[in-house]
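# Coordinate inspection notes
Listed here are the chains, written in short residue letters.
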Amino acid sequence: HVQLVESGGGLVQAGGSLRLSCAASESIFSIYAMGWYRQAPGKQRELVAVITSGGMTNFADSVKGRFTVSRDNAKNMVYLQMNSLKPEDTAVYYCNGHAGGSLGVWDWGQGTQVTVSS
């Protein structure tokens with residue numbers, strides 16, 4: 001059973017950057033595609049980025065060109081680099097194994113809050 005811990009969120013001004021980290025408790029995570037998801041108040045959780053076990057990436061249209069995703073399987077870590085942040089990026093960000101759409105493979109972690117001020 002993989003446990004996930006997200007970190008790196010915070011308060012940043014529009015145009016700023018943050019790097020989120022996700023630590024997985026077990027190395028089996030390395031065989032899974034991993035997703036970064038976010039949930040804003042009053043909205044459903046949405047998928048923003050996916051990275052396959054081999055390192056191929058895909059992004060939601062809303063973050064393309066601004067966010068990048070990477071992983072270090074040796075360290076059981078996944079990262080989300082967020083640049084040119086906008087107020088609409090404000091949300092709690094989560095990582096999880098990618099099970100399709102906004103579904104995760106494992107139980108959700110506590111997430112990390114990202115707040116972008118205008």
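Residues numbered from 1 in each chain as written. Predicted model: local features only at pLDDT ≥ 70, side-chain atom pairs only at ≥ 80, totals over all residues. Heavy atoms only, no water.

## Structural notes on the nonpolar core
Condition: As used here, the term nonpolar core means buried Ala, Val, Leu, Ile, Met, Phe, Trp, Tyr and Cys residues forming a set that is joined through side-chain atoms within 4.5 Å. Exposed residues in this analysis have more than 50% of their type's maximum accessible area, buried residues have under 20%, and partly exposed residues fall in between, with area computed by a 1.4 Å probe over protein chains only. In this description a helix means any DSSP run of H or I spanning at least four residues, a strand means any run of E spanning at least two, and both kinds are numbered starting from the N terminus. When checking whether two residues touch, look at their non-hydrogen atoms; a contact exists if any pair is within 4.5 Å.
Counting 29 residues, the largest nonpolar core has W36, L80, M82 and Y93 as the members making the most contacts within it. Listing elements by their share of this core, those giving two or more residues are β3 (18-24), β4 (34-39), β5 (46-51), β7 (67-72), β8 (77-82), β9 (91-97) and β10 (112-117). Leaving out residues up to four positions away in the same chain, Y93 has contacts with E6, L20, W36, Y37, R38, F67, L80, M82, G111, T112 and V114.

## Quick look at the environment of S27
With respect to the helices, strands and loops of the structure, S27 is situated in the loop between β3 and β4. By relative accessible area, which is 51% here, S27 ends up exposed. With 50 residues separating them along the chain, S27 and M77 place their C-alpha atoms 9.5 Å apart.

## Section: the environment of V12
Summarising the element assignment, V12 is placed in strand β2 (residues 10-13). Along the sequence, V12 and S117 sit 105 residues apart, while their C-alpha atoms lie 6.2 Å from each other.

## Section: the packing of aromatic side chains
For any pair of aromatic rings, geometry is given as the distance between the ring centres together with the angle between the planes. Stated precisely, the cut-off is as follows: Only Phe, Tyr and Trp rings are paired, with Trp represented by its six-membered ring, and only when their centres lie within 6.5 Å; those with planes under 30 degrees apart are stacked, over 60 edge-to-face, the remainder tilted. Here, a charge over a ring means that NZ of Lys or CZ of Arg falls within 6 Å of the ring centre while also lying within 35 degrees of the ring normal.
All told, the structure shown has three aromatic pairs when counted by the stated rule. Judged by centre distance (4.8 Å) and plane angle (70°), the rings of Y32 and W106 are edge-to-face. Placement of Y32 in the loop between β3 and β4 and of W106 in the loop between β9 and β10 is noted, with a sequence separation of 74 residues between them. Residue classification places Y32 among the partly exposed residues on the basis of a relative accessible area of 27%. An angle of 90° between the planes, with centres 5.0 Å apart, marks the rings of Y37 and W108 as edge-to-face. Here Y37, found in strand β4, pairs with W108, found in the loop between β9 and β10; they are 71 residues apart in sequence, far enough to count as distant. Since its relative accessible area comes to 0%, Y37 is described here as buried. Classification of W108 as partly exposed rests on a relative accessible area of 30%. Here the aromatic cluster, defined as three or more aromatic residues joined through ring pairs, consists of Y37, Y94 and W108. Lying across the ring of W108, R45 places its NZ or CZ 3.8 Å from the centre.

## Observations regarding the pairing of β10
Here is the rule we go by: Pairing between strands is defined by DSSP: at least two bridges between the two strands are required.
The side-chain alternation of β10 yields one buried face, formed by T112, V114 and V116, and one unburied face, formed by Q113, T115 and S117. In this sheet, β10 lies alongside β2 in parallel orientation, the contact comprising four bridges. Bridged to V12 within β10 is V116.

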